[in-house]
Amino acid sequence: MSSGNTEKQIMIMQDYKSTALVCTPTYAITLADKMERMGIDPKNLSLKVGLFGGEPWSESMRKEIETRLCLSATDNYGLSEVIGPGVAGECSCKCGMHIFEDAFIPEIIDPETCQVLPPGSVGELVLTTLTKEALPMIRYRTRDITSLDYSKCDCGRTMVRMKKTMGRSDDMLIIKGVNVFPSQIEEVLFAIEGCEPHYQLVVDRIGAMDELEVRIEVTENIFFDEMKKQRAFLEMVEKKIASMLGVGATVKLVEPNSIPRQEGKASRVIDKRKI
Ligand SMILES: [Zn+2]
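Residues numbered from 1 in each chain as written. Predicted model: local features only at pLDDT ≥ 70, side-chain atom pairs only at ≥ 80, totals over all residues. Heavy atoms only, no water.

1. Examining the overall build of the protein
Part 1 of the reasoning: Tallying secondary structure elements over the protein gives five helices and 16 strands in all.
Part 2 of the reasoning: Taken against the 2.2 N^0.38 rule, which gives 19 Å for 275 residues, the C-alpha radius of gyration of the protein at 20 Å falls within 12% of a compact globule.
Part 3 of the reasoning: Residues counted as buried form 44% of the 275 residues belonging to the protein.
Part 4 of the reasoning: Taking as baseline every contact in the protein between residues at least 6 positions apart, the subset at least 24 positions apart corresponds to 56%.
Part 5 of the reasoning: Working note: accessible area of the protein is about 14,700 Å², and carbon and sulfur atoms make up 53% of it.
Part 6 of the reasoning: For the protein, the distance from the average position of its 35 positive side-chain charges to the average position of its 41 negative side-chain charges is 1 Å. (Helix = DSSP H or I, 4+ residues; strand = E, 2+ residues; numbered from the N terminus. Rg over C-alpha atoms; globule rule 2.2 N^0.38 Å. Buried < 20%, exposed > 50% of the residue type's maximum accessible area, 1.4 Å probe, protein only. Contact = heavy atoms within 4.5 Å. Areas by Shrake-Rupley, 256 points an atom, 1.4 Å probe, with all protein chains shown as cover. Lys, Arg positive; Asp, Glu negative; His and termini not counted. Charge placed at Lys NZ, Arg CZ, Asp CG, Glu CD.)

In structure tokens form, the structure reads like this:
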């Protein structure tokens, strides 16, 4: 289907009784939102499985997609420089993505020193292609931070599993000297009932001080008229973010659908700092 034209995507799903959906997790949510607005019950579609990837997403987002689209959602990994989607994918155990080791040799390195790290360490994933023709990749630095699990998987496959990427070695934010991955904030937000998976981080520097603002879209039913309730909610979210990151943030509620949507990957971070 390629990307875009959400209504047409849904029409095709209905007409062809599509059983599999392959897209970014953000777009899966966009599809669910659109279906809701169009009054289409996903139960009446034929979807069984969803292969999602292309951006970091949390377990809570998986649950939301599975519930709202009535399918089993798996995480998948790939990058266009190497092959696109298809480097690694989850089996039905959903406990790590099996890397197709017949086609790729994975390594984990320290992104600072480039040294190969022992099995199980967290570091940058490096890939070497074994079957790619014309443009083979030798020890290609993906910039994705993850770790490899060599233990036996319940599904019986022996291929190594990579953990969900924890961010990129180059999109990590340093706020007040603390390393912050947007995916950590995502994890906090999704765990709080009422938060839509649409958020934006705005980083600025006031004087010498970094300021982090988290803008969250809320659902209509928790868009309180009462200032007191709203303040208590904001304080609760701020506390959770501070304990997760070790650095404080100002949380701001914004109206539903006010954070710009993209058909593909969501742009989560606006860094206004001039360093
Ligand atoms: Zn498995």
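2. A word on the coordination of the zinc ion
Part 1 of the reasoning: On the protein side, the zinc ion has C91 (SG), H98 (NE2), C153 (SG) and C155 (SG) as donor atoms, found 2.1 to 2.3 Å from it.
Part 2 of the reasoning: Taken together, the four donor atoms surrounding the zinc ion define angles of 106 to 113 degrees at the centre, an arrangement classified as tetrahedral. (Donors = N, O, S within 2.8 Å, 3.2 Å for Na, K, Ca; no water. Tetrahedral: all angles 85-135°; square planar, octahedral: opposite > 155°, others 65-115°.)

3. Examining the side chain of R68
Part 1 of the reasoning: Here R68 is to be found in helix 3 (residues 59-69).
Part 2 of the reasoning: Polar side-chain contacts of R68 include one of 3.0 Å to the side chain of E36. (Polar contact = N/O pair within 3.5 Å; in protein donor to acceptor, adjacent residues only side chain to side chain.)

4. Things to note about the sheet that holds strand 10 (residues 161-162)
Part 1 of the reasoning: Taking strand neighbours across the sheet as the criterion, the seven strands line up as 1-2-3-4-5-10-9 in an open arrangement whose pairing is mixed. Of all the strands in the sheet, the pair left with one neighbour each is strand 1 (20-23) and strand 9 (148-149).
Part 2 of the reasoning: The pairing of strand 4 (residues 84-90) with strand 5 (residues 97-99) spans three bridges and is antiparallel. Within the sheet, the bridge partner assigned to A88 lies in strand 5 and is I99.
Part 3 of the reasoning: With respect to the sheet, helix 3 is in contact with strand 1, strand 2 (49-53), strand 3 (72-79) and strand 4, its orientation differing from that of strand 3 by roughly 125 degrees. (Pairing = 2+ DSSP bridges. Axes fitted to C-alpha atoms, helices over the stretch in contact; angles between N-to-C directions.)

5. Regarding the packing of helix 1 (residues 6-16) against helix 2 (residues 25-38)
Part 1 of the reasoning: As a packed pair, helix 1 and helix 2 sit with axes 10 Å apart at the nearest point and diverge in direction by 80 degrees. Here helix 2 runs roughly perpendicular to helix 1, going by the angle between their axes. Seen from helix 1, the contacting residues are T6, E7, Q9, I10 and M13; seen from helix 2, they are Y27, T30, L31, K34, M35 and M38.
Part 2 of the reasoning: Residues of the contact of helix 1 with helix 2, tallied by class, amount to six nonpolar, three polar and two charged. (Parallel < 35°, antiparallel > 145°, perpendicular 65-115°, else oblique. Nonpolar A, V, L, I, M, F, W, Y, C, P; charged D, E, K, R; others polar.)

6. Examining the environment of I216
Part 1 of the reasoning: Mapped onto the elements, I216 comes out in strand 14 (residues 209-218).
Part 2 of the reasoning: For I216, a relative accessible area of 0% gives the class buried.

7. A closer look at the pattern of salt bridges
Part 1 of the reasoning: Within this structure, the stated rule accounts for 13 salt bridges.
Part 2 of the reasoning: Between E59 and R62 there is a salt bridge, and its shortest N-O distance comes to 3.0 Å. Linking E59 with R62, this pair stays in helix 3, spanning three residues, or about one helical turn.
Part 3 of the reasoning: E59 gets classed as partly exposed once you look at its relative accessible area, which sits at 37%.
Part 4 of the reasoning: A salt bridge links E64 to R68, with the nearest nitrogen and oxygen atoms 2.9 Å apart. Of this pair, E64 and R68 both sit in helix 3, separated by four residues, roughly a single helical turn.
Part 5 of the reasoning: Connected via shared salt-bridge partners are D33, E36, E64 and R68. (Salt bridge = Lys/Arg side-chain N within 4 Å of Asp/Glu carboxyl O.)

8. Side note on the sheet that holds strand 8 (residues 140-146)
Part 1 of the reasoning: Spatially, 6-7-8 is the arrangement adopted by the three strands of the open sheet, whose pairing is antiparallel. Looking along the sheet, the strands with just one partner apiece sit at the ends: strand 6 (104-109) and strand 8. Here the strands of the sheet are splayed against their neighbours by 30 degrees on average, with no regard to which way each runs.
Part 2 of the reasoning: The sheet contact formed by strand 6 and strand 7 (residues 123-129) spans six bridges and is antiparallel. In the sheet register, I108 faces strand 7, and the bridge partner there is L125.

9. What to know about unusual backbone geometry
Part 1 of the reasoning: Here K17, not a glycine, exhibits a phi torsion of approximately 50 degrees, which is positive.
Part 2 of the reasoning: Tracing the sequence through the fold places K17 in the loop between helix 1 and strand 1.
Part 3 of the reasoning: Positive phi outside glycine occurs at K94, with the angle close to 50 degrees.
Part 4 of the reasoning: With respect to the helices and strands, the residue K94 is situated in the loop between strand 4 and strand 5.
Part 5 of the reasoning: Using a relative accessible area of 25% as the deciding quantity, one classes K94 as partly exposed.

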